[in-house]
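So you can see what is in the structure, the chains are spelled out below.
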Amino acid sequence: SLREGDRVLINEDPVSVGPALFSGDLAVWKSTRERFLAHLHTEWPDFSFDHFSDNGLLANASRLAEPGEKLIWAGAGLPDQLTISWVAVLARMFGANESDLHVVQFERLAPNRYVLGMGELSPESIVEHSPEASPLRDVEITQYRDAWAAYISNDPSDLSRYLDSPARPLILSAGHAKPC
């Protein structure tokens, strides 16, 4: 749960949409993604992640290396699962203690009501149905990073190999969630 003084970061970049070529250079990623998103948001032609400088994940990724637990709130859908992958990649880039990464994973509100994304939940639903935060185990962090590597690859065979891997990656469960 949030406590007074906690600082929330939002993922201002819908990473599941558009070009996702990531070479490890955040400045190139930012520029590419801003150009793409500005075309999507024709009413916001000067779109920039700089508008989110106070609480955006990209502008504040270095905060992942600060000591203390980091909670990633996510639904079971692919966009939220890719966000977990993105946070795991950024955490490693900035030298974060990966044992500080925890996930509050919403999967269902009811037996037949999947939660695909956090944005579909009301504040009341979040409070009422919030699962416990679970630390990401090393194997899960590796699986999320592997998912990210397959996702950003230019080679479709990388994605195919990932989906066929015997470890049955965690992110595959995102494909099994079906809305009511």
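What you see is a predicted model; the values in this text were computed from it and never measured.

Rules behind the numbers
- Residues numbered from 1 in each chain as written.
- Predicted model: local features only at pLDDT ≥ 70, side-chain atom pairs only at ≥ 80, totals over all residues.
- Heavy atoms only, no water.
- Core = buried A, V, L, I, M, F, W, Y, C linked by side-chain atoms within 4.5 Å.
- Buried < 20%, exposed > 50% of the residue type's maximum accessible area, 1.4 Å probe, protein only.
- Helix = DSSP H or I, 4+ residues; strand = E, 2+ residues; numbered from the N terminus.
- Contact = heavy atoms within 4.5 Å.
- Pairing = 2+ DSSP bridges.
- Axes fitted to C-alpha atoms, helices over the stretch in contact; angles between N-to-C directions.

A. Seen up close, the nonpolar core. Core analysis: the largest hydrophobic core is formed by 32 residues, its most contacted members being Phe22, Trp29, Trp86 and Trp148. Of all elements in the fold, only helix H1 (26-40), strand E1 (70-74), helix H2 (78-93), strand E2 (101-105) and helix H4 (138-152) reach the threshold of two or more residues within this core. Ranked by the residues each element gives to this core, the list is headed by H2, at eight residues. What Trp29 contacts, discounting residues up to four positions off in sequence, is Asp13, Val15, Ala20, Leu21, Phe22, Leu58, Trp86 and Trp148. Grouped together as the second largest cluster of nonpolar side chains are six residues, Val104, Phe106, Leu109 and Leu121 included.

B. Highlighting the sheet that holds E1. Reading across from one edge, E1-E2-E5 is the order of the three strands in this open sheet, with mixed pairing throughout. Each edge of the sheet is formed by a strand with only one pairing partner; in this case those strands are E1 and strand E5 (134-135). As paired elements, E2 and E5 share two bridges and run antiparallel to each other. Within E5, the residue paired with Val103 across the bridge is Ser134. Strands E1 and E2 of the sheet are contacted by H2, whose axis makes an angle of about 170° with E2.

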